Amino acid sequence: MTSDTAEVRQILDMNAYRPGDSAAAAVDRRLANLGAASVLFYRRPIEMAEAKGAWMTATDGTRYLDFYNNVPSVGHCHPEVVAAVSRQIARLNVHTRYVVEVVDDYLEALKAALPAPLGNVVMTCSGSEANDLAIRIARAATGGTGVIVTETAYHGNTALVTEVSPSALKRGSLPDWVIAVPPPSAAHHGNDIAAGFRASIEAALAEFAARGIRPAALLVDSIFSSDGIFADPAGFLAPAVEAVRAAGGLFIADEVQPGFARTGDAFWGFARHGVTPDMVTMGKPMGNGFPMAAVAARPDDLAAFCADTGYFNTFGGNPVAAAAGAAVLRVIAEEGLQANAQRIGGLLRARLRETAARDGRVSDIRGAGLFIGIDLADGSGRPDPALTVRVIDAMRDRGVLIGAAGRYGNTLKVRPPLCLGEDEAALFAEAFEAALA
Ligand SMILES: Cc1ncc(COP(=O)(O)O)c(C=O)c1O
């Protein structure tokens, strides 16, 4: 959906607390501590106490079904992750300048889930660091500098990565080495999203050529989370990747959001599109809350970067992170969470489509597995961010946490833990229907 009239939203401002919204002492205390960099959910922020599985409990005892936080992806405070982290931190925690078995065991388990050519993994502490490093590797490997992203992309918070995150910019414009293209949506590309998306990448490449800039990479989140969640038809990414490679650039799949089985169809979002990225970046669900992230790259590309620049990350790849990451991989396999994401996500989308058939304000349902976008529109089909905020608040009042995404902030971003049960999916659907009423 596009609109001439709707205001473009900044991702961190969606559904966020604004000064003066709440008089709670705990909120004042937070603002005094974090100042202008504070980003709190909800106009009346929630003071959280604890969480388990798909549920969070506030200090006032209210329980919330968590459909927002995709970091604790195998379930909040999963006992196997808690035990693995506790065991390792009581034994040894140090950086990667020593050989520690648990780290290499983990890296091998992770590589087994990645395409074989991506034989090296550099561990970082955040998705931002991973994308920052991936861009620098792409530049070293290609000799180019240009990066193509989507127009509402968010790839992180370092100086470099903020420049390729149009949705984080409050003012100003992108540097000349960044071109943002429309998302792979039916609204932009009609029935042939694959051809339309490829054409927009080719136009960006032509623009780089006109500017005298060689491309280094196409960097996309493979489910286009902050653009509004665009998953289908699976395969649409392949022609765009082909185009960027033909021009000498690399394809970096940002799996920070869709990775680790969330899309149900595959372990990684890019795999749904039948492409093998030149680099994969990952983070958020990787440690189920333990801060860890990584870049997987081909050894020769990484070597090209390291020939000029040393790279060391004090906390990246520490044994506790490796223990957390290994526990996450085990839990996903042992509990069949990819299949669960596919099954429960399918049921939920079917139920949401029934709601959409009854209520024209639910203008589109998209997604894969347990990553679903719900577009909300006004009576004339235009994006309705005000309705979206009302629905978000009404769902919170019914004990369900959900956030927004998309260029106009009118897409509900559905990302519950992958351990979600049928009953919990039904609770969400009921709360959504009641919030619309
Ligand atoms: C797609 C994507 N890439 C990268 C990042 C940055 O990750 P981090 O916040 O861990 O630095 C985010 C964070 O929201 C993200 O959504």
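Residues numbered from 1 in each chain as written. Predicted model: local features only at pLDDT ≥ 70, side-chain atom pairs only at ≥ 80, totals over all residues. Heavy atoms only, no water.

1. Remarks on the overall build of the chain
Line of reasoning, step 1. The secondary structure content of the chain amounts to 13 helices and 15 strands.
Line of reasoning, step 2. In summary, the chain has a C-alpha radius of gyration of 21 Å against a globular reference of 22 Å for 437 residues, a match within 12%.
Line of reasoning, step 3. If you line up the chain on its principal axes, its C-alpha atoms span 60 × 55 × 45 Å.
Line of reasoning, step 4. Of all 437 residues assigned to the chain, the portion counted as buried reaches 56%.
Line of reasoning, step 5. If you take every contact in the chain between residues at least 6 apart in sequence, the share linking residues at least 24 apart comes to 73%.
Line of reasoning, step 6. Approximately 17,600 Å² of the chain is accessible, and the part contributed by carbon and sulfur atoms is 51%. (Helix = DSSP H or I, 4+ residues; strand = E, 2+ residues; numbered from the N terminus. Rg over C-alpha atoms; globule rule 2.2 N^0.38 Å. Buried < 20%, exposed > 50% of the residue type's maximum accessible area, 1.4 Å probe, protein only. Contact = heavy atoms within 4.5 Å. Areas by Shrake-Rupley, 256 points an atom, 1.4 Å probe, with all protein chains shown as cover.)

2. Details of the nonpolar core
Line of reasoning, step 1. Tyr106, Ile201, Met282, Ile374, Phe428 and Phe432 are the most contacted members of the largest nonpolar core, which has 126 residues in total.
Line of reasoning, step 2. Per-element accounting of this core gives the leading share, eleven residues, to helix 10 (residues 319-334).
Line of reasoning, step 3. Excluding residues that lie within four positions of it along the chain, Phe428 makes contacts with Leu65, Phe67, Leu348, Leu352, Ile374, Met395, Val400, Ile402 and Val414. (Core = buried A, V, L, I, M, F, W, Y, C linked by side-chain atoms within 4.5 Å.)

3. Examining the side chain of Asn318
Line of reasoning, step 1. Structurally, Asn318 can be placed in the loop between helix 9 (299-308) and helix 10.
Line of reasoning, step 2. Judged by relative accessible area, Asn318 falls into the buried class, the value being 7%.
Line of reasoning, step 3. With near-sequence residues (within four places) excluded, Asn318 lies in contact with Asn93, Val94, Val103 and Phe290.

4. Brief notes about the packing of aromatic side chains
The relative placement of two aromatic rings is captured by the distance of their centres and the angle of their planes.
Line of reasoning, step 1. Tallied over the entire structure, the rule returns eleven aromatic pairs.
Line of reasoning, step 2. A centroid spacing of 5.1 Å and a plane angle of 70° characterise the contact between Phe260 and Trp268, whose relative ring orientation is edge-to-face.
Line of reasoning, step 3. Residue classification places Trp268 among the buried residues on the basis of a relative accessible area of 2%.
Line of reasoning, step 4. Centre to centre, the rings of Phe267 and Trp268 are 5.0 Å apart; their planes meet at 80°, and the pair counts as edge-to-face.
Line of reasoning, step 5. Residue class for Phe267 comes out buried when judged on its relative accessible area of 16%. (Phe/Tyr/Trp six-rings, centres within 6.5 Å; stacked < 30°, edge-to-face > 60°.)

5. Structural notes on the packing of helix 7 (residues 193-211) against helix 8 (residues 237-246)
Line of reasoning, step 1. Relative orientation of the contacting elements helix 7 and helix 8 amounts to 20°, with a least axis distance of 7 Å. The orientation of helix 7 relative to helix 8 falls into the category roughly parallel. Crossing of helix 7 over helix 8 shows right-handed handedness. Between helix 7 and helix 8, the residues in contact are Ala194, Phe197, Arg198, Ile201, Glu202 and Leu205 and Leu237, Pro239, Ala240, Glu242, Ala243 and Val244, respectively. (Axes fitted to C-alpha atoms, helices over the stretch in contact; angles between N-to-C directions. Parallel < 35°, antiparallel > 145°, perpendicular 65-115°, else oblique. Left-handed = near helix turned anticlockwise from the far one by under 90°.)

6. Structural notes on the sheet that holds strand 9 (residues 279-282)
Line of reasoning, step 1. Pairing within the open sheet is mixed, and its seven strands lie in the order 4-10-9-8-7-5-6. The sheet is open, and its two borders are formed by strand 4 (120-124) and strand 6 (178-181), each paired with just one other strand. Between one strand and the next, the sheet's axes are offset by a mean angle of 20°, whatever the strand orientation.
Line of reasoning, step 2. With three bridges joining them, strand 8 (residues 250-254) and strand 9 adopt parallel strand pairing. Considered in strand 9, the bridge of Ile252 is made with Met279.
Line of reasoning, step 3. Most of the contacts of helix 4 (residues 127-142) go to strand 9, to which it runs at about 165°, and overall it touches strand 4, strand 5 (146-150), strand 7 (215-221), strand 8, strand 9 and strand 10 (293-297). (Pairing = 2+ DSSP bridges.)

7. Quick word on the site of the ligand
Line of reasoning, step 1. In the neighbourhood of the ligand, the contacting residues comprise Ser126, Gly127, Ser128, Asn131, Tyr154, His155, Gly156, Asp221, Asp254, Val256, Gln257 and Lys284.
Line of reasoning, step 2. Burial of the ligand by the protein amounts to 83% of the accessible area it has alone, namely 390 Å².
Line of reasoning, step 3. With three residues, the single largest contributor to the shell around the ligand is helix 4. (Near = heavy atom within 4 Å.)

8. A few points about the pattern of salt bridges
Line of reasoning, step 1. Scanning all chains against the criterion turns up 19 salt bridges.
Line of reasoning, step 2. Here Arg358 and Glu433 are joined by a salt bridge, their closest N and O atoms 3.7 Å apart. Of this pair, Arg358 sits in helix 11 (residues 337-358) while Glu433 sits in helix 13 (residues 422-436), and the two are 75 residues apart along the sequence.
Line of reasoning, step 3. Judged by relative accessible area, Glu433 falls into the partly exposed class, the value being 23%.
Line of reasoning, step 4. The closest approach of N and O atoms between Arg366 and Asp375, which form a salt bridge, is 2.8 Å. When sorted by exposure, Arg366 lands in the same class as Asp375, which is buried.
Line of reasoning, step 5. Salt bridges here are not isolated pairs; linked through shared partners, they connect Arg245, Asp278, Arg298 and Asp301. (Salt bridge = Lys/Arg side-chain N within 4 Å of Asp/Glu carboxyl O.)

9. Regarding the environment of Ala405
Line of reasoning, step 1. Inspection of the secondary structure puts Ala405 in strand 14 (residues 403-405).
Line of reasoning, step 2. Residue Ala405 is classed as buried on the basis of its relative accessible area of 0%.
Line of reasoning, step 3. Through-space distance from the C-alpha of Ala405 to that of Gly316 is 29 Å; in sequence the pair is 89 residues apart.

10. Some thoughts on unusual backbone geometry
Line of reasoning, step 1. In this structure, Pro233 follows Asp232 across a cis peptide bond, with omega equal to -5°.
Line of reasoning, step 2. Phi at Phe224 is positive, roughly 55°, even though this residue is not glycine.
Line of reasoning, step 3. Along the chain, the position of Phe224 falls in the loop between strand 7 and helix 8.

11. Considerations on the side chain of Arg396
Line of reasoning, step 1. Here Arg396 shows up in helix 12 (residues 385-397).
Line of reasoning, step 2. Despite its burial, Arg396 pairs with no opposite charge; the closest candidate is Asp397, at 4.3 Å N-O.
Line of reasoning, step 3. A polar side-chain atom of Arg396 sits 2.6 Å from the main-chain carbonyl oxygen of Arg44.
Line of reasoning, step 4. Apart from the residues lying within four places of it in its own chain, the contact partners of Arg396 are Tyr42, Arg44, Pro45, Ile46 and Tyr64. (Lys, Arg positive; Asp, Glu negative; His and termini not counted. Polar contact = N/O pair within 3.5 Å; in protein donor to acceptor, adjacent residues only side chain to side chain.)

12. A few points about the domain arrangement of the chain
When the parts of a complex come together, some accessible area is lost, and that lost area is often taken as the interface size.
Line of reasoning, step 1. Each assigned domain of the chain is listed here: domain 1 (11-74 + 339-436) and domain 2 (79-334).
Line of reasoning, step 2. Using only C-alpha atoms to locate each centre, domain 1 and domain 2 end up separated by 25 Å.
Line of reasoning, step 3. Of the roughly 2,300 Å² buried where domain 1 meets domain 2, counting both sides, 59% is carbon and sulfur surface.
Line of reasoning, step 4. For the pair domain 1 and domain 2, the interface holds one salt bridge.
Line of reasoning, step 5. For Glu151, the salt bridge goes to Arg407, with nearest N and O atoms at 3.6 Å.
Line of reasoning, step 6. Our count for the domain 1 to domain 2 interface comes out at eleven residue pairs in polar contact (both at pLDDT 80 or more).
Line of reasoning, step 7. Breaking the side of domain 1 that touches domain 2 down by element, the ones donating at least two residues are helix 11, strand 11 (362-368), strand 12 (371-376) and strand 15 (411-414). (Domains from an automatic or database assignment. Buried area = accessible area lost by both parts, 1.4 Å probe.)

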